[in-house]
Amino acid sequence: MRWLIAVDNGLGAISKACGWLASVAFILMMLNVFYDVVARYAFDDVSIGMQEMEWHLYSFLFLMGIPFAMRTDGHVRVDVLYAGRSETFKAWINLIGALLFALPIAALIAWLGWDYMIESYRMGEGSGDPGGLPYRFIIKGLIPFSSFFLAIASLGMATFALRVLAKESTYEGQTGAGGLA
């Protein structure tokens, strides 16, 4: 069982790193919005590129925050089937959900997202607004990139469920499913 604990801890560390990156993106997005507001209302100046950077940062924040939310049990679930149940029942729900739903969804997002990014690259897609950001394929590339981390978080959900089934850990008293504080 030591290998399972080591694998689970490694997957948890990767998901925690995704959460840290999402936090940095959030701070950068706040600074960007602050700049935009001050530039617009204090200096009557508008930067299309900075406004577009806001939604690029928001996209990064959202897509990199999902793996962290999965690991820390911060995601939305149907509590009608989950709340008040035994540790074993919760572990089986998480194991089945991770392997039969989350992993295939991550693979589908990666597959479709890759084509989406490649098409954007081939078209030389950029902003339609003057002064906007070029190379839109970079932000679209985040879709398949983040799906890799979604798959890692899904595997982490499965390994943690296996730890609970093996009585090596519990969901109760943890800060999230993986115990990341």
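Residues numbered from 1 in each chain as written. Predicted model: local features only at pLDDT ≥ 70, side-chain atom pairs only at ≥ 80, totals over all residues. Heavy atoms only, no water.

## Describing the overall build of the protein
For the protein, the helix and strand inventory stands at five helices and zero strands. The helix and strand sequence of the protein, counted from the amino end, reads α-α-α-α-α. Projecting the C-alpha coordinates of the protein onto the three principal axes gives extents of approximately 60 × 40 × 30 Å. Considering the protein as a whole, with its 181 residues, one finds that 38% of them fall into the buried category. (Helix = DSSP H or I, 4+ residues; strand = E, 2+ residues; numbered from the N terminus. Buried < 20%, exposed > 50% of the residue type's maximum accessible area, 1.4 Å probe, protein only.)

## A word on the confidence of the model for the protein
The pLDDT averaged across the protein works out to 85; a share of 92% of its residues lies at or above 70. The secondary-structure element of the protein with the lowest mean pLDDT is helix α3 (residues 79-82), recorded at 73, while helix α4 (residues 87-123) shows the highest, at 91. (pLDDT = per-residue confidence, 0-100.)

## Brief notes about the packing of helix α2 (residues 48-71) against helix α5 (residues 136-165)
Contact pair α2 / α5: the axes reach a minimum separation of 7 Å and the direction vectors enclose 10°. Taken together, the axis directions place α2 and α5 in an arrangement best described as roughly parallel. Class assignment of the residues belonging to the contact of α2 with α5 gives a composition of 16 nonpolar, five polar and three charged. (Axes fitted to C-alpha atoms, helices over the stretch in contact; angles between N-to-C directions. Parallel < 35°, antiparallel > 145°, perpendicular 65-115°, else oblique. Nonpolar A, V, L, I, M, F, W, Y, C, P; charged D, E, K, R; others polar.)

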